[in-house]
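# Remarks on the overall topology
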Protein chains: 2
Amino acid sequence: MKTPGPWNKVAVVGAGMIRFGELFDQSYEQMAAGAWRACRESVDLGLDPSQVEAMFVATQRGTLWGQEGIGGNTVPSAIGLSGVPCTRIENACPTGSDAFRVGAMAVASGVHDVVLVIGVEKMRDKSAEEGLLARAAGGHPIYTRGESAPVLFAPFATRHMHEYGTTKEMLASVAVKNHYNGARDPFAHFQNEITVDQVLAAPEVCSPLGLLDCCPQTDGAAAVLLVSAERAQEFTDSPVYVAGFGVATDHPYLHEKQDYLGLLASRLASARAYEMAGIDPKQLDCAEVHDCFTITEILDIEDLGFCEKGTGGAFSAAGETAIGGSMPVNTSGGLLAKGHPIGATGIAQIIELWWQLREQAGPRQVALKNGYALQHNVGGRGSGVSVVNILTRNAK
Amino acid sequence: MKTPGPWNKVAVVGAGMIRFGELFDQSYEQMAAGAWRACRESVDLGLDPSQVEAMFVATQRGTLWGQEGIGGNTVPSAIGLSGVPCTRIENACPTGSDAFRVGAMAVASGVHDVVLVIGVEKMRDKSAEEGLLARAAGGHPIYTRGESAPVLFAPFATRHMHEYGTTKEMLASVAVKNHYNGARDPFAHFQNEITVDQVLAAPEVCSPLGLLDCCPQTDGAAAVLLVSAERAQEFTDSPVYVAGFGVATDHPYLHEKQDYLGLLASRLASARAYEMAGIDPKQLDCAEVHDCFTITEILDIEDLGFCEKGTGGAFSAAGETAIGGSMPVNTSGGLLAKGHPIGATGIAQIIELWWQLREQAGPRQVALKNGYALQHNVGGRGSGVSVVNILTRNAK
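Residues numbered from 1 in each chain as written. Chains lettered and ligands numbered in written order. Predicted model: local features only at pLDDT ≥ 70, side-chain atom pairs only at ≥ 80, totals over all residues.

For the rest of this paragraph, the subject is the overall build of chain A. In terms of regular secondary structure, chain A is built from 12 helices and 11 strands. For chain A, the C-alpha radius of gyration of 19 Å lies close to 21 Å, the compact-globule estimate for 396 residues. (Helix = DSSP H or I, 4+ residues; strand = E, 2+ residues; numbered from the N terminus. Rg over C-alpha atoms; globule rule 2.2 N^0.38 Å.)

This is how it looks when you write it as structure tokens:
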């Protein structure tokens, strides 16, 4: 990177979302409007909608196969911003986090000073057979028949347990911790605590993963407002800056993976993000990472450098990733409790970090030491792409 | 815009495509690989694939409902660039042109110096009922049942004829001219000339539009290489610069349109692009515009300022938009003859202009006077979004 970190060319000055859940009573457009309203109202010094110069809409696919497929040109009109340039970004499970990154580059390019990024996804309006995930697994003529998301991650759990002694109880500790956090997040889909015994007794989905090792299918929407760093003070006295980001792709199919012990895309993406931000993982105060399954969070915290490879299970079971631990992870409840409306997920993770860095996270607030926080997604036939964004409250 | 035009922060130093057509014998990934190869080989001073720092893949939806839905993380591996950051851009019919713009902003942001933009779309592998266009029209619960693309544009033809005396023969002149050009383009889907009589005698699709007033459904792929302007000379002695661009959205549904005489999104998008490039339409040497139907090209040349509103039909019939005319339009054959593989369309239009501005267009070459050329798409429930890119061979 040409700019030694933190990059800090772009600031997040607004952030808001709707409560995630099964939102059969809201249309795609209504969900987007709800997120936009919450974002607008969060801008400390106010935002006139006419100040929005460009938009990016993060929607992976949605289940309706209609408007969400061209969300870039239906959302502006639906939320009262017709005329504004708008582009839909899609990048599998990191769709929202990548839209955030693209929006930040649009600001840094000097073309637009004020950019709205909205993530919105309908996951529940069609049956599983007709829905997004069935379609996602339908692509390759040979390799992927019958492959659903649990099938893509379960082999990593099996191998990790064999190689490192990771246990089902350690996996369960991730679900218990994230549900504990979700029970304290008014925007989470699931707001109930669970126990290790409940996780172990849940119906098996794809061995060794049971029902409570898996994130739910959730509808949701979330929005953030990005502005050029030099104009941040027009909108707030407490801006959060984009310190850096990184993206990496990997071979998409399971049989092409190097091993089943970690995700190469996450390692590459985070290395790029740390370099751009000029920090190492020890400087992070908290993180929101991609826990589509319990094993995924364990892989993540190893691949992102929060603990040594192979120690993620014990690190979690020891409480190190809890709100009061040495490295709080998924204080929002994560995908496991908060939910995973794909296009909205990454944006919502960034919102949680925005609240944390502004000390507005209420009962989920972590202690701030260095003022950095990391957001991470991985996805696309399991782990074909990873996106990492690093935020900071520190001015450059 | 903060930078008085031409913007010229980014240069196009490579451009290549595969022949458009019904490509049942090529997979989505093979099409992408063909475009990448052609692009790479077009770089005058050579390109090492390891120089590519980031990619954007333009795919609207494809008909297979599999890999194309996550093309951002399957294309890099398929073309030998696994690891490289890659994002899929979608914006209805302007998907390719918008990916070009987003790629340009990524370069201008300073984050990436060398960016590959690939447009690729499978339109023919599934039936019309299952395919992309049927899905595109399926979104709204009330307004859009049975609405196919001709239904979205035919009312504009009817009204334009009533208001301005535009005739079916004038519409036909667009199809005749674009097929004449396509017959001279080795990458075009249709490479045959047609006559006005043939257009008028063709089966009616949606009155007053007949079969030869409509573009075909076509498979295709196209790729361009973008680099920061200060590094262009490492790749070529004949760079083409991005002088400016503009995007605008509009209310997506027909009943929300201001009138049926023009497309507001095209007017707004081009005004923004002209301002950013610091030129007016008279400085253009040629243009590639969105001729999904003959009437669309007539609306375009009026809305883009090539002729007065209402005079587009006569302007076309008089030969002003032919290769030797005062304002050559769609020298590639346009969507009507070259084809419209959605994600690839805008990129392929840009490639035609790249050839024109480098005087490599062979029998289609226009006379260069001012060194500017314009690319335009409009789409998304007809005209919910428009993207305009302006290129120049003039250094800043």
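Now that the structure has been shown, the text picks up again.
All names here are of chain A. Across the 8 residues that make up strand E1 (residues 10–17), a large majority, 8, are buried. Judged from the 7 bridges that link them, E1 and strand E7 (residues 220–228) form a sheet pairing that is antiparallel. Paired with Val12 across the strands is Leu226, a residue of E7. As paired elements, E1 and strand E8 (residues 240–249) share 2 bridges and run antiparallel to each other. Pairing of Val12 across the sheet is with Val240, part of E8. (Buried ≥ 20, exposed ≤ 12 C-beta atoms within 10 Å, placed from the backbone. Pairing = 2+ DSSP bridges.)

A few words on the packing of helix H5 (residues 149–164) of chain B against helix H9 (residues 294–303) of chain B. A pair of packed helices is captured by two measures, namely the crossing angle of their axes and the spacing between those axes. Residues and elements named next belong to chain B. Where H5 contacts H9, the two axes come as close as 9 Å, and the packing angle between them is 65 degrees. In terms of crossing hand, the pair formed by H5 and H9 is left-handed. Contact residues: H5 offers Phe153, Phe156, Ala157 and His160, while H9 offers Ile295, Thr296, Ile298 and Leu299. Looking at the contact of H5 with H9 residue by residue, the class counts come to 6 nonpolar, 2 polar and no charged. (Axes fitted to C-alpha atoms, helices over the stretch in contact; angles between N-to-C directions. Left-handed = near helix turned anticlockwise from the far one by under 90°. Contact = placed C-beta atoms within 7 Å. Nonpolar A, V, L, I, M, F, W, Y, C, P; charged D, E, K, R; others polar.)

Let's shift gears to unusual backbone geometry. Omega for the peptide link from Ser207(A) to Pro208(A) comes to 5 degrees, which places this bond in the cis form. Considering the arrangement of structural elements, one finds Pro208(A) in the loop between strand E5 (204–206) and strand E6 (209–210). In this structure, Asn8(A) is a non-glycine residue whose phi angle is positive, near 55 degrees. Note that Asn8(A) resides in the segment before E1. Within the chain, Asn330(B) stands out as a residue other than glycine whose phi angle is a positive 60 degrees. Locating Asn330(B) in the fold gives a position in the loop between helix H10 (312–317) and helix H11 (334–337). Exposure remark for Asn330(B): the 30 C-beta atoms within 10 Å place this residue in the buried category.

In this section: the confidence of the model for chain A. In this model, chain A carries a mean pLDDT of 93, and residues with pLDDT of at least 70 account for 92%. The ipTM for the predicted assembly is 0.95, set against a pTM of 0.96. (pLDDT = per-residue confidence, 0-100.)

Now for the nonpolar core. It is characteristic of soluble globular proteins that their nonpolar side chains tend to be buried jointly. Ala35(A), Ile118(A), Ala35(B) and Ile118(B) are the most contacted members of the largest nonpolar core, which has 275 residues in total. Discounting residues that sit within four places of it in the chain, Ala35(B) has contacts with Gly16(B), Met17(B), Ile18(B), Ile118(B), Val120(B), Ala221(B), Ala222(B) and Ala223(B). (Core = buried A, V, L, I, M, F, W, Y, C linked by C-beta atoms within 7 Å.)

This part covers helix H8 (residues 264–277) of chain A. Residues and elements named next belong to chain A. With 14 residues, H8 should reach 20 Å at 1.5 Å per residue; the first-to-last C-alpha distance of 20 Å fits that figure. Counting buried positions over the 14 residues of H8 gives 10, a clear majority of the element. Among the residues of H8, those classed as buried are Leu264, Ala265, Ser266, Leu268, Ala269, Ser270, Ala273, Tyr274, Met276 and Ala277. Next to the buried residues of H8 lie E8, helix H9 (294–303), strand E10 (372–379) and strand E11 (385–392). Trailing H8 by a residue or two, Gly278 shows a phi angle of about 70 degrees, which is positive. (Expected span 1.5 Å × (residues − 1).)

Now for the environment of Gln51(A). Residues and elements named next belong to chain A. Take Gln51: it is sitting in the loop between helix H1 (28–41) and strand E2 (54–58). With 15 C-beta atoms counted inside 10 Å, the residue Gln51 sits in the partly exposed group. Spatially, the C-alpha atoms of Gln51 and Gly16 are 17 Å apart, while their sequence positions differ by 35 residues.

Moving on to the pairing of strand E3 (residues 86–90) of chain B. Looking down a regular strand, the side chains alternate between one sheet face and the other. All names here are of chain B. In terms of residue burial, E3 counts as a mostly covered element, since 5 of its 5 residues are buried. Alternating residues of E3 divide into Cys86, Arg88 and Glu90 and Thr87 and Ile89, and every residue in both groups is buried. In this structure, strand E2 (residues 54–58) lies alongside E3, joined through 4 bridges in parallel fashion. Counted as the bridge partner of Phe56 is Thr87 from E3.

Take H1(A) next. Residue and element names in this part refer to chain A. For H1, which comprises 14 residues, the first-to-last C-alpha distance of 20 Å matches the rise-based estimate of 20 Å (1.5 Å per residue) to within 8%. For H1, every residue scored as buried is listed here: Tyr28, Met31, Ala32, Ala33, Gly34, Ala35, Trp36, Ala38 and Cys39. In this structure, the buried side of H1 is in contact with E1, helix H2 (71–78), strand E4 (114–121) and E7.

The next subject is the environment of Gly313(B). All names here are of chain B. When you line up the elements, Gly313 lands in helix H10. A count of 27 C-beta atoms within 10 Å places Gly313 in the buried class. Along the primary structure Gly313 and Pro328 are separated by 15 residues, whereas in three dimensions their C-alpha atoms are 15 Å apart.

Moving on, we get to the environment of Ile390(B). Residue and element names in this part refer to chain B. Looking at where Ile390 falls in the secondary structure, it is placed in strand E11 (residues 385–392). Of the residues examined, Ile390 has 29 C-beta atoms within 10 Å and is grouped as buried. In this structure, Ile390 is in contact with Ala243, Gly244, Phe245, Ala273, Ala277, Tyr372 and Leu374, ignoring residues within four places of it in sequence.

A few words on the packing of helix H6 (residues 168–182) of chain A against H9(A). Residue and element names in this part refer to chain A. One can describe the packing of H6 onto H9 by two numbers: an axis separation of 8 Å at closest approach and a directional angle of 95 degrees. In terms of their interaxial angle, H6 and H9 are classed as roughly perpendicular. Where H6 approaches H9, its residues Leu171, Ala172, Val174 and Ala175 are matched on the opposing element by Thr294, Ile295, Glu297 and Ile298. (Parallel < 35°, antiparallel > 145°, perpendicular 65-115°, else oblique.)

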